Amino acid sequence: MWSKLKKDSLDALFLLPSILGVSVFVLIPFIDVIRRSFTNAIGGQFLGIKNYQIVLQNEAFLIAAKNTFRFICVCIPLLLTISLILALLLQNMKKGKELLKSAYLLPMAVPIASVVFVWKILFHKNGLVNGMFHIEDLNWMGTDYAFYVLVGSYIWKNLGYHVVLWMAGLSGISRSLYEAAGVDGAGTLRKFIYITLPGLRGTCFTVVILAFLNSFKVFREAYLVAGDYPHQSMYLLQHVFNNWFRELSLDKLSAGAVLTSIFLLIFIILLKKVWGMEGEG
Amino acid sequence: MRKKKWNINDILLYLLLLLFAAILCSPVYLLISGSFMAQDELSIYLRPAITEGDTYVRFSLLPVLFTLRGYVELLLDTPEFFHMFWNSIKLVTLILLGQLCIAVPAAWGFARMKLKGKDMLFFLYIILMLMPFQVTMLSNYLTLNKLGMLDTHQAIIWPAVFSTFPVFLLHRFFADIPNSILEAARIDGAGRMHLFIKIGCPLASPGIMAAMVLGYLEYWNLVEQPLIFLKDKTLWPLTLYLPQIGLENAQIAFVSSVIVLLPSALVFFAGQDHLEQGIAASAVKE
């Protein structure tokens, strides 16, 4: 009994520094934010769900939530599909795979500040893209196209990473399965549906989680290109939170933060239900 | 293994993929090529974007006149650039060192220890990892304020050190080590520290390298945290310096873009194999 306890506590020492730090810098403060979301920013009286009602009727929040949701719904499936197609093509390639993989990964290494500078040259009303394709009077960053510039920028940056992820998943599928199916007369499409897709199930959880994680990071580009108030189509939740923070609307910010985390939680639990937890040690 | 010859379809496909790769890499080429151009040349190309005229921005694949003037000017005349460059290096180095000390043992703990509530806790880590910075920004700010860390580099470093992403990434590597290896070492009398440092870490080293490369790319690009936590602009990292340069000073902007890119490219190409292995291993379920 005692030796078991001693063993456990020594084992726990590996985790302790991390848990302590995470608690101090994230967890406990976040619990404090939950508490604040029910109180008044000045004075701190208990308000019940009033902050939530205010936030849910706030136009900026609703637009941003819609945009963020739309962004995630557009860019994640797009990224996953394109990267899977590329991974399949690369997988069957005999030579020159490495060169292509490096080239696809390179955008990941381009610092955001440099990306933003190039974007300004490419997507200005009189910019390089309009000039090259003879498009007149299209101000990319000032119209609904801003949203697609953002989607493009996300895919550009994360494509290589996901190609590598998928390729790892593909290499885990046994060749003999394909050969056996080939003997049975299965075509490419049938092989893909009955062997490849089920074989990638285990990879999916990580791939989606990482795609999701990186989808929040486009805010940096959006912010550096267009500042606090970009075109409405790329006004994201992060913009709202940033602006509330600057205006010291801490009650709204807290309620908004809690709402966002609830959505996140639901999303992850769903994901876990669909693909199962990958991390069982 | 049967060896097949390249047929025409393969070649066409390869060329297509190569073209796509070239498009993806073209912004990098644009930056590098532009950094060797003279300010006059750049002004001519970029004028439409500055003066709002009727013409369009053009660009040349190679500089008409190859010059290193931009580099010389940046290296000699802009002390604030170096100051911020140094800030970035300092922040990244300290954060990564911190993550090595904190996240690696934690990942080991999650992967190899049998402790109650561990899985629940790991799930919590994943959720915390996915929270956008803005969700925890307020709580972070209040904590840092209480700890007196605001307006110092510590405000950036400490929260980043305790990021749960490297724990998530490394967990897979430690979990994949076959039990038999550890069991054998245990029978030989190896203690838990010995198992971790002498067996776990070397076997997971591609993962650790990958976590470091990814961490580097993340923290070389800090935007939100310094904006909120550092009022004193002399503390800012490089990411926030570049966007302040307008297109009028194109040469400086190009050159500094390339110089910011350089360390990233170095780290990236030096660590690419590890990075690939690391990314790959994080995806595969045994």
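With that out of the way, let us pick up the overall build of chain B. Counting secondary structure elements, chain B contains 14 helices and zero strands. Listed by position from the N terminus, the elements making up chain B come as α-α-α-α-α-α-α-α-α-α-α-α-α-α. Dimensions along the principal axes, computed over C-alpha positions, put chain B at roughly 75 × 65 × 30 Å. When the 286 residues of chain B are sorted by exposure, 43% land in the buried category. The long-range fraction of contacts in chain B, counting pairs at least 24 apart against all pairs at least 6 apart in sequence, stands at 79%.

Attention now goes to helix α12 (residues 218-226) of chain A. Residues and elements named next belong to chain A. Counting buried residues in α12 gives nine out of nine residues, a clear majority hidden from the surface. Considered for burial, the residues of α12 that qualify are Val-218, Phe-219, Arg-220, Glu-221, Ala-222, Tyr-223, Leu-224, Val-225 and Ala-226. In the core, the buried residues of α12 are packed alongside α6 (112-123), α8 (145-171), α11 (201-215) and α13 (237-246). Two residues or fewer after α12 comes Gly-227, characterised by a positive phi angle close to 75°.

Another point: helix α5 (residues 118-130) of chain B. In this model, α5 of chain B (13 residues) spans 19 Å end to end at C-alpha, consistent with the 18 Å of a helix rising 1.5 Å per residue. All buried positions along α5 of chain B are accounted for by Phe-122, Tyr-125, Ile-126, Leu-128 and Leu-130 of chain B.

Grouped burial of nonpolar side chains is what soluble globular proteins tend to show. In this structure, Leu-150, Val-163, Val-164, Met-167 and Ala-222 of chain A together with Ala-107 and Leu-170 of chain B are the most contacted members of the largest nonpolar core, which totals 161 residues. In this structure Leu-150 of chain A touches Phe-71, Val-218, Glu-221, Ala-222 and Met-234 of chain A, once residues within four positions along its chain are discounted.

A few words now on the interface of chain A and chain B. Listed per partner, the contact involves 79 residues of chain A and 83 residues of chain B. Of the residues forming the side of chain A that touches chain B, the biggest block, eleven residues, is contributed by helix α2 (residues 16-36) of chain A. Across the side of chain A that touches chain B, the residue classes break down as 51 nonpolar, 22 polar and six charged.

Looking now at the environment of Gly-191 of chain B. For Gly-191 of chain B, the position within the fold is in the loop between α9 (179-187) and α10 (192-203). It is 57 Å that separates the C-alpha atoms of Gly-191 of chain B and Phe-36 of chain B, two residues lying 155 residues apart in sequence.

Time to look at the packing of α5 of chain B against helix α8 (residues 165-175) of chain B. Residues and elements named next belong to chain B. Where α5 meets α8, the axes come as close as 8 Å, and the angle between the chain directions of the two elements is 130°. As the angle between them shows, α5 and α8 are arranged oblique. Pair α5 / α8 crosses with left-handed handedness. Contacts between α5 and α8 involve Tyr-125, Ile-126 and Met-129 on the former and, on the latter, Phe-165, Val-167 and Phe-168. Of the residues assigned to the contact of α5 with α8, the class counts are six nonpolar, no polar and no charged.

Before going further, it helps to spend a moment on unusual backbone geometry. With a phi angle near 60°, Leu-248 of chain A is a residue other than glycine that sits in the positive phi range. The topology assignment puts Leu-248 of chain A in the loop between α13 and α14 (250-275). Backbone geometry places Asp-151 of chain B, a non-glycine residue, at a positive phi of 65°. Residue placement: Asp-151 of chain B occurs in the loop between α6 (133-146) and α7 (154-161).

What follows is about the domain arrangement of chain B. Residues and elements named next belong to chain B. For chain B, the assigned domains are domain 1 (8-67) and domain 2 (79-283). Each of domain 1 and domain 2 was reduced to a C-alpha centroid, and the two centroids are 33 Å apart. Looking at the side of domain 1 that touches domain 2, the elements that each hand over two or more residues are α1 (8-35) and α2 (39-51). If you tally residues by element for the side of domain 1 that touches domain 2, the top one is α2, at six residues. The residue inventory of the side of domain 1 that touches domain 2, partitioned by class, reads six nonpolar, four polar and no charged.

Residues and elements named next belong to chain B. Topologically, Met-84 is positioned in helix α4 (residues 79-112). Judged by C-beta crowding, with 23 C-beta atoms within 10 Å, Met-84 ranks as buried. Put simply, Met-84 and Leu-240 are 156 residues apart on the chain and 8.8 Å apart in space, counted from C-alpha to C-alpha. Apart from residues lying up to four places away in sequence, Met-84 is in contact with Trp-236, Pro-237, Leu-238 and Tyr-241.

Cut-offs and rules
- Residues numbered from 1 in each chain as written.
- Chains lettered and ligands numbered in written order.
- Predicted model: local features only at pLDDT ≥ 70, side-chain atom pairs only at ≥ 80, totals over all residues.
- Helix = DSSP H or I, 4+ residues; strand = E, 2+ residues; numbered from the N terminus.
- Buried ≥ 20, exposed ≤ 12 C-beta atoms within 10 Å, placed from the backbone.
- Contact = placed C-beta atoms within 7 Å.
- Expected span 1.5 Å × (residues − 1).
- Core = buried A, V, L, I, M, F, W, Y, C linked by C-beta atoms within 7 Å.
- Nonpolar A, V, L, I, M, F, W, Y, C, P; charged D, E, K, R; others polar.
- Axes fitted to C-alpha atoms, helices over the stretch in contact; angles between N-to-C directions.
- Parallel < 35°, antiparallel > 145°, perpendicular 65-115°, else oblique.
- Left-handed = near helix turned anticlockwise from the far one by under 90°.
- Domains from an automatic or database assignment.

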